[in-house]
Every structure is written in C-alpha cells, then in structure tokens.
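Chains, contacts and geometry: an overview
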Amino acid sequence: MDRRRMTAIGVVVAAAGLTAAVTLPSFAGENATPTAGGPAGAKATGGVAPEVVDAMSRDLKLSREQAVRRLTAERQATGTLGRLRAQLGDDYAGAWLSADGATLTVAVADPAEAARVEAAGAVPKQVPRGVRELDAVKSRLDSAGRQATPDIAGWYVDVATNSVVVLARPGAEEAGRRFAAASGAPDGAVRVTTSREQPRPLFDVRGGDAYFINNAGRCSVGFSVVGGFVTAGHCGRQGDRTTGANRVAQGTFAASSFPGDDWAFVRTNDQWTPQGVVNDFNGGVVPVNGATEAPVGASICRSGSTTGARCGVVQAKNATVNYPEGTVTGLTRTNVCAEPGDSGGAWLSGDQAQGVTSGGSGDCTVGGVTFFQPVNEILQRNNLTLVTANDQPAPADPPAGGDATAPPATAAPTAPPAGGGTSVCTGDASRTGTVSAGRSQVQPDGRWYVTQAGAQSACLDAPDGAQLVLELQRWTGVGFRTVARAATVDGIARLESDGAAGAYRYRVTAQSGSGEYTLAFSAN
C-alpha cells in the first residue's frame, strides 16, 4: 500500500497569540487534482463503459480494441455456460476460459454429454467428479477448518484439475495432507500445493474511517487498539452494535463514557483487522507510531469521515465543555474545524496519536473550535494497547519478532518448547525478550505452538518500572484472536485459560518502560 505522509504534523508554530492567523500545510497531496478513469464525456465502447476498457487495457496489457473483443466473447460464453449448466445437471463439472478469453472449456462427468457441449460451441473435457461432488469435498474441509494450522493459507475448488486444492506454506505440505485426510476427503479429490500466500481480511480498521451505530447514526474511528478501536463516548452506549463504512457487521461498544468523559472502546469481530494508520482522505494513510502528548502551541491535524483531514494548533489542555447533555472535563481545545459525523475521529501530531474528536462550535466553512478527548486517558482507563504502524496485531500469518515474514513452517514447535531461566515465573517452557514502550513481541520465538484442548497458564516477569500486557492468542483461520489477557501488577502478570485444541501464541506489549522480560508458560 502506498502510504502518503502528512507533511504538517509535528511542526510547532510560533504565534503571537492563540487567535493569530496561521497557515499550516495539511495532508500530503491535499491540493492534488484527481484523475478520471477516462476522458470527460467519453462514450461507452461496444456497450462497455470507457472506464472499464481503460482499466482492462492497463492491467491486462491489452489494446482498447482487444479489451472490447474480450468482453464481448466473455459475455457470449457466460450465456452459453448458463444454458449448458442447466442441461447437464449433476454431470456438470465446472467450466473455464482460456488465458486469452477466447475458448470456453466445459468439464463433464458423463462422456455421453460431450456432444451436447460441442454443439453449444464449447470444448468438452471428461473428468471423474461433478462440481457438486467437488463442493461436497470442500465442505468437509470447511467443517474441519478450525483444525488447520497457520501454515495452511486456504483451500478452493479447482475445476480445471477436477480437485480441491489445499494451499500450504513451504515446508508444511505434509501438514496440509494430514489436514485433508483428517477431514475425511476421498483419496484423489484433494491436491496439496505449495504457496507463499498470506491472506488477511480486507476490512481494515483505520483512524478517520466512517462507521455506523445500530445501522443509524454515523461517527468516525479514532485509533486502532488491540481488539478494536477507540472513539467518542457520545457515539454509542455499551452493547450498541457497529457496522463499517461498507455496512459489514463490525463490532460492539464494549465500554463507553459520556458525559463526564467522552470516550468509548469498540471491540471488533474477526473480519476486521485494526491497523496502525489514519486515513488522510486523499488516497493514502498516515502511520501512527506512538502516543506522546504534544504541547500547547503545537500543530495538530485530525481525520474525520465528514470533512476529511483538517489541521490547526493546540490552544489549551484540561478544558471543560458544558454540552447540552452534560459537562465533559479534561478535553484539549484546538482551532481546528469539524462537523457532525467527524465525532470520534483521530487527532495526530506528527506520527503521534493525541485523541478522539469530542465536539466544538462552528464548521469547516466559517471555521471553529473543536475539542478532543486525550487518547492516553482512554488507553489507561480501559487497559488498552495502541496499535502502531510497525506493530500490527493479529496478522493472518505469525510474524517473526514483530516482522511481517514468518520463519519456515518447520521451525514451528508442535508443543511448547522447553527452556529455562532465572525468574520468579516458572512453567514447562520459558522465553526471554526485550521490549520498549509501544512495541510488542510474539513468543515462542516469533512463532506459535499447537496444543490439545485443556488448561494453559503463563507468567510474565517484567523489567523494573515497566508496565507490560500479556495476551494469549489463538489461530481462528483468518488471524490470531486474543483469548486471555493480563497486565503486570508489581512487575508480574499471570493468566490462565481453558480452551480448545489449536495453534496458540503469546504477545507481550510494553505500555510503558523498556527492558528484558521473562515469559514462562505451560499447556496440557
């Protein structure tokens, strides 16, 4: 993803007074002129929108004429296939177009049906299994899906080879075959192939993006945290449900405070991945790398789903605002404008998270004053961990020490690895590591382990003066999900969990402080 940066954030502006007029640069590319998908007033070619033709020419390396011819052939093939599928019934075994889109091949389980396919102008291919049988094989794998380890990227019906394909990371092919056999799939119906794919859900949680509350009101995402995102408390109450800007079910308000404060935590479901970035509303994102509080007079920018990205300066802290619903204390005052729907959105100074939009006066036509709830208070009050650009939680494939690339699958232990060390914490295995504020590490050794159903326990010995959070995460099939969590008290965090069989890992996050820690853990 091309990450454009906000150019003004972090610049401290010297002004004679808080009411002095200042000019601040905004998000990168703010004044750029967008390009259209095709020339203005262009007409459809061959019944196809010019934007589609242009996109095909670009991505499939075709001339405009070739793109139109291909679309015409595909339209005809689609009509032919619809008729054949109805005629063939259970003997239909799938169909596919050639690389140039000119030839339609239709697979049949009964050789007597080949003549029918030829008469329709397609090329027949005899295969042993109809598409319904292939779908049934895949359903067996789906039912066993939670037993798949993170080294299996997925599976799909491949009509061209008349089989179901299981995608395994390099070195994990045998694990893929064991998974297929355990599902009860018949011999010869499943093919295991090597793949480096690392799929993840495409529904990212980003600061500034819109979300809807109970399919009615709209607010903006503040910042991603482990397990969801923070936003404004007046946007929703505990138990309210949210959907994303795409209207896909997203999560639930797990905590909310308004008035008095104006903060909330939305816990998202497995389809959404919190990302340590903020939408700049100009085709790019801005990284979030921490939450160091900016001083009065510093430049600051916010992102919201109504008015996009707007910048100004911090005017005052610890402000009290008397809203019609009640008084809110501890807010930060700015000269940045905002409008309804921007509530809950992200505030940044440089690459540092500052807060979430509460309210204000005026608008972005005449200007105004806007207040935000400081983000560090939200994190501390709810024991949450901010997600940063260099430390994403719950990726689809286990990271190595916080990196995006995992070691070969064969390096993953099948049970908690043995180890030892000098610490007040003891267990069947132990690991040491070093973390700094705002950073995380995955254990054991940046990988994961497989265990049977039953009790698991862990003890984390933190460095002096550091506040750490320990999470036990289980592989869900699309990512790791936190199933148990504990914060250090007097330097020690302990957690216990009784869960299902599967792949697990521990995640150690430093909320403050830095140094070497020891993690000891056991699994039945």
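Above this note sits the structure.
All figures in this text were calculated on a predicted structure; none of them were measured in a lab. (Residues numbered from 1 in each chain as written. Predicted model: local features only at pLDDT ≥ 70, side-chain atom pairs only at ≥ 80, totals over all residues. Heavy atoms only, no water.)

1. Overview of the packing of aromatic side chains
Where we set the bar: Two rings from Phe, Tyr or Trp (for Trp, the six-membered ring) form a pair when their centres sit within 6.5 Å of each other. Planes less than 30 degrees apart are called stacked, planes more than 60 degrees apart edge-to-face, and all others tilted. In this text, helices come from DSSP runs of H or I with a minimum length of four residues, and strands from runs of E with a minimum of two, each type numbered from the N-terminal end. In this scheme, the term charge over a ring applies when either NZ of a lysine or CZ of an arginine sits within 6 Å of the ring centre and within 35 degrees of the ring normal.
In this structure the tally under the stated criterion is nine aromatic pairs. Here the aromatic rings of Phe258 and Tyr323 are separated by 6.1 Å at their centres, their planes lie at 45 degrees, and the arrangement is tilted. With Phe258 in the loop between β13 (249–257) and β14 (263–268) and Tyr323 in strand β18 (residues 308–323), the pair connects residues that are 65 residues apart, well separated along the chain. Taken together, Tyr449, Tyr504, Tyr506 and Phe521 form an aromatic cluster joined through their ring pairs. One cation-aromatic arrangement involves Arg247 over Phe212; the distance from NZ or CZ to the ring centre is 3.5 Å.

2. What about the pattern of salt bridges?
To keep it simple, the criterion reads: The term salt bridge refers to a pairing of a side-chain nitrogen on Lys or Arg with a carboxyl oxygen on Asp or Glu at a separation within 4 Å. The cut-offs for exposure are 20% and 50% of the maximum accessible area for each residue type, with area from a 1.4 Å probe on protein chains only; residues under the lower value are buried, those over the upper are exposed, and the others partly exposed.
What the rule picks out here adds up to 13 salt bridges. In this structure, Asp90 engages Arg132 in a salt bridge whose closest nitrogen and oxygen atoms are separated by 2.3 Å. In this pair, Asp90 is assigned in the loop between α2 (64–88) and β1 (92–97) and Arg132 in helix α4 (residues 131–143), connecting sequence segments 42 residues apart. In this pair, the class of Asp90 matches that of Arg132, namely exposed. Measuring nitrogen to oxygen at the nearest pair gives 3.0 Å for the salt bridge that ties Asp445 to Arg431. Here Asp445 is found in the loop between β24 (440–443) and β25 (449–451), whereas its partner Arg431 is found in strand β23 (residues 429–435), with 14 residues between them in sequence. Here Arg431 falls in the buried class, since its relative accessible area comes to 14%. One salt-bridge network, held together by shared partners, links Asp261, Glu377 and Arg381.

3. Thoughts on the nonpolar core
The test is simple: Take the buried residues of types Ala, Val, Leu, Ile, Met, Phe, Trp, Tyr and Cys, join any two whose side-chain atoms come within 4.5 Å, and each joined set is a nonpolar core. By the convention used here, residues are in contact when the closest approach between their heavy atoms is within 4.5 Å.
Core analysis: the biggest nonpolar cluster contains 22 residues, and Leu460, Leu468, Leu470, Leu495, Tyr506 and Leu519 have the highest contact counts within it. Looking at this core, the elements that each hand over two or more residues are β23, β26 (454–461), β27 (467–475), β28 (480–487), β29 (492–499), β30 (502–512) and β31 (515–523). Apart from residues lying up to four places away in sequence, Leu468 is in contact with Val435, Leu460, Ala462, Pro463, Ala486, Ala487, Thr488, Val508, Thr509, Ala510 and Tyr517.

4. So, helix α5 (residues 173–182)
Stated formally: Relevant arc is that of directions from the helix axis to the C-beta atoms, nothing else.
The complete set of buried residues in α5 reads Glu173, Gly176, Phe179 and Ala180. End-on view of α5: buried residues confined to an arc of 115 degrees, all on one side of the axis. Seen from the open side of α5, the exposed residues pointing more than 90 degrees away from its buried face are Arg178, Ala181 and Ala182. Here the buried face of α5 lies against α4, β4 (152–158), β5 (163–168) and β6 (190–194).

5. Thoughts on the sheet that holds β4
Condition: Pairing between strands is defined by DSSP: at least two bridges between them are needed. Lines fitted to C-alpha atoms define the axes here, with helix axes fitted over just the stretch in contact, and angles between the N-to-C directions of these axes take values from 0 to 180 degrees.
The strand order across the open sheet built from three strands is β4-β5-β6, with neighbouring strands paired in mixed fashion. Bordering the open sheet on either side are β4 and β6, each of which pairs with just one other strand. Ignoring which end each strand starts from, the neighbouring axes of this sheet average 25 degrees apart. Pairing between β5 and β6: five bridges, direction parallel. Note that in β6 the partner of Val164 across the bridge is Val190. Sheet strands touched by α4: β4, β5 and β6. Its angle to β4, the strand with the most contacts, is close to 165 degrees. Here α5 sits on the sheet and contacts β4, β5 and β6; the angle it forms with β6, its principal contact strand, is near 160 degrees.

6. Thoughts on the sheet that holds strand β11 (residues 228–231)
Strand order in the open sheet made by the seven strands is β9-β8-β12-β13-β14-β11-β10, with antiparallel pairing throughout. Each edge of the open sheet is held by one strand with a lone partner, namely β9 (217–220) and β10 (223–225). Averaged over all neighbouring strand pairs, the angle between strand axes comes to 35 degrees, with direction disregarded. Where β13 lies against β14, six bridges are found, and the strand directions are antiparallel. Within the sheet, the bridge partner assigned to Thr252 lies in β14 and is Arg267. In the packing of helix α6 (residues 375–382) onto the sheet, contacts are made with β10, β11, β13 and β14, and the angle to β14 comes to roughly 60 degrees.

7. Digging into α2
Side chains of residues three or four places apart in an α-helix project in the same direction, reflecting 3.6 residues per turn. Formally: For a helix, the expected span equals 1.5 Å multiplied by the number of residues minus one.
Helix length check: α2, at 25 residues, gives a terminal C-alpha distance of 36 Å against a target of 36 Å (1.5 Å per residue), a fit within 8%. Of all the residues in α2, the buried ones are Ala67, Val68, Arg70, Leu71, Ala77, Thr80, Leu84 and Leu88. One or two positions beyond α2, positive phi appears at Gly89, with a value near 60 degrees.

8. Considerations on the pairing of strand β22 (residues 367–374)
Moving residue by residue along a regular strand, the side chains alternate between the two faces of the sheet. The element β22 is largely enclosed, with a buried count of six among its eight residues. Alignment of strand β19 (residues 326–334) against β22, held across three bridges, turns out to be antiparallel. Bridge pairing links Thr332 to Phe372 in β22. Sheet topology note: the strand β21 (residues 352–363)/β22 ladder contains eight bridges and is antiparallel. Bridge pairing links Gly355 to Pro374 in β22. Between β21 and β22, which pair antiparallel one after the other, the connecting turn spans three residues.

9. Quick word on the state of the cysteines
Test applied: Disulfides are defined in this document as cysteine sulfur pairs within 2.5 Å.
What the rule picks out here adds up to four disulfides. Residue Cys219 pairs covalently with Cys235 via a disulfide, S to S 2.0 Å. Torsion about the S-S bond of the Cys219 and Cys235 cystine: about -95 degrees, corresponding to left-handed handedness. With Cys219 in strand β9 and Cys235 in the loop between β11 and β12 (241–244), this residue pair connects regions lying 16 residues apart in the sequence. With a relative accessible area of 9%, Cys235 lands in the buried category. Between the sulfur atoms of Cys425 and its disulfide partner Cys459 the distance amounts to 1.8 Å. Taking the sign of the S-S torsion, -50 degrees for the link of Cys425 and Cys459, the bridge is left-handed. Taken together, the positions of Cys425 in the loop between α6 and β23 and Cys459 in strand β26 put the pair 34 residues apart, joining distant regions of the chain. Side by side, Cys425 and Cys459 carry an identical accessibility label, which is buried. Bonded cysteines in the protein are paired 1-2, 3-4, 5-6, 7-8 when counted in the order they occur along the chain.

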